[in-house]
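A look at the structure
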Amino acid sequence: SLPAKLINGGIAGLIGVTCVFPIDLAKTRLQNQQNGQRMYASLSDCLIKTIRSEGYFGMYRGAAVNLTLVTPEKAIKLAANDFFRHHLSKDGKKLTLLREMLAGCGAGTCQVIVTTPMEMLKIQLQDAGRLAAQKKLMAAQAQLPSSRAAAAAEPALEARPTATQITRELLRSKGIAGLYKGLGATLLRDVPFSIVYFPLFANLNKLGQKDPNVKAPFYVSFLSGCVAGSTAAVAVNPCDVIKTRLQSLQRGVNEDTYSGILDCTKKIWQREGPTAFFKGAYCRALVIAPLFGIAQVVYFLGIAEFLLDMLPEGRA
């Protein structure tokens, strides 16, 4: 049922995001730093410096936005894919690869309604620590060059805006369109991701089914979700880098600004080289693999059906 699909998607998203959010924060900060302004050398270096300067909960900066909006996002994505697969199938026959890709395309297009504002707010909150660290480092370089290492490791804590403040300011200055900055780049990332992910997952998951009418074991769904998710994540990482740069409202000292997708692509290619499009790729793979592995296990185990069955008769 549709309620069961929505609940399954929501539960899956909450569990997955909680588990992998610190890696996602590192991905955003690594993708946003430009040549000559590098604050973090790697995933581990970013997490260590974040804990030192912002505490353990600094790794979850921006998580509230994700946890609030991930339920409708995952619900829309998973339910939309099922919806399109159902309507693209003919008389219950097996879907062709093209139709599976079309279903994934439809799911990716639907989810950006929630994904774009969620990503916009999350990126501002996640990147605030990097910008604060850069300001502290620049001040230390101007006053006492020998303190550079200490400044890089222990940036000053500054008052940072909340998601509510950012939302109010965007709505006041730019209206609802302000929350959808980077919509084109989000579509450019999420639609190809879904086109790759859903057919790949479906076909990998079928390998673990002994009978077409019987669900695959949960570990097969988990591994299929991990493999399909990480593959799709790396494939669209260049689009994710562009999206992250376009949606960042604040820039560090001497960092480029961009007028659109083409301008961003051109500047990154010319000034940072083609490898810059794969910044944070391994972080994104580490985020997406367990996130979608967990999501598919929850979704396919049908936890929502169990919860709905526990309701008094007639209420479900």
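This report concerns the structure included in the present document. This one's a predicted model, so the numbers in the text were calculated from it and none came from an experiment. (Residues numbered from 1 in each chain as written. Predicted model: local features only at pLDDT ≥ 70, side-chain atom pairs only at ≥ 80, totals over all residues. Heavy atoms only, no water.)

**Remarks on the pattern of salt bridges**
When the charged atoms of two side chains with opposite charge come close together, those side chains can pair. In the structure shown here, the tally under the stated rule is 19 salt bridges. Note that Asp24 is salt-bridged to Lys122, the shortest N-O span being 2.8 Å. Of the two residues, Asp24 is situated in helix 1 (residues 2-32) and Lys122 in helix 4 (residues 97-143); the sequence distance between them amounts to 98 residues. We note that Asp24, like Lys122, is buried. A salt bridge links Glu54 to Arg61, with the nearest nitrogen and oxygen atoms 3.2 Å apart. We classify Arg61 as partly exposed; its relative accessible area is 25%. Sharing partners across several salt bridges, the network here consists of Asp24, Lys27, Glu119, Lys122, Arg189, Asp190, Asp240 and Lys243. (Salt bridge = Lys/Arg side-chain N within 4 Å of Asp/Glu carboxyl O. Helix = DSSP H or I, 4+ residues; strand = E, 2+ residues; numbered from the N terminus. Buried < 20%, exposed > 50% of the residue type's maximum accessible area, 1.4 Å probe, protein only.)

**Topic: empty space enclosed by the protein**
In total, this model carries one cavity of 30 Å³ or more according to the counting rule given. Roughly 300 Å³ of internal volume is contained in the largest cavity. If you go around the largest cavity, you meet 23 residues; those closest to its centre are Glu73, Lys74, Glu119, Ile288 and Leu291. Secondary-structure elements contributing two or more residues to the lining of the largest cavity are helix 1, helix 3 (63-88), helix 4, helix 7 (183-206) and helix 11 (281-301). In terms of residue class, the lining of the largest cavity is built from ten nonpolar, three polar and ten charged. (1 Å grid on protein atoms, 1.4 Å probe; cavity = no way out; pocket = protein on both sides within 12 Å on 5 of 7 lines; lining within 4 Å. Points joined across faces, edges and corners; volume = space filled by probe spheres on them. Nonpolar A, V, L, I, M, F, W, Y, C, P; charged D, E, K, R; others polar.)

**Looking at the packing of aromatic side chains**
For the coordinates displayed, the defined rule picks out eight aromatic pairs. Judged by centre distance (6.0 Å) and plane angle (15°), the ring pair of Phe21 and Tyr60 falls under stacked. Of this pair, Phe21 sits in helix 1 while Tyr60 is found in the loop between helix 2 (43-54) and helix 3, placing the two residues 39 residues apart along the sequence. Ring geometry for Tyr197 versus Phe198: centroids 5.1 Å apart, planes at 75°, classification edge-to-face. Judged on exposure class, the residue Tyr197 and its partner Phe198 are both buried. (Phe/Tyr/Trp six-rings, centres within 6.5 Å; stacked < 30°, edge-to-face > 60°.)

**Here's the deal with the side chain of Asn32**
With respect to the helices and strands, the residue Asn32 is situated in helix 1. At 3.1 Å, the side chain of Asn32 forms a polar contact with the side chain of Asp127. Those residues in contact with Asn32, other than ones at most four positions away along the chain, are Ile123, Asp127, Arg130, Thr244, Arg245, Ser248, Arg251 and Glu255. (Polar contact = N/O pair within 3.5 Å; in protein donor to acceptor, adjacent residues only side chain to side chain. Contact = heavy atoms within 4.5 Å.)

**Quick look at the nonpolar core**
The biggest cluster of nonpolar side chains holds 31 residues, and the ones touching the most others in it are Tyr40, Leu43, Phe193, Tyr197, Ile288, Leu291 and Phe292. Of all the elements in the fold, those that place two or more residues in this core are helix 1, helix 2, helix 3, helix 4, helix 7, helix 8 (218-235) and helix 11. Apart from residues lying up to four places away in sequence, Tyr40 is in contact with Arg29, Leu30, Gln33, Asp45, Cys46, Lys49, Gly129, Arg130 and Ala133. (Core = buried A, V, L, I, M, F, W, Y, C linked by side-chain atoms within 4.5 Å.)

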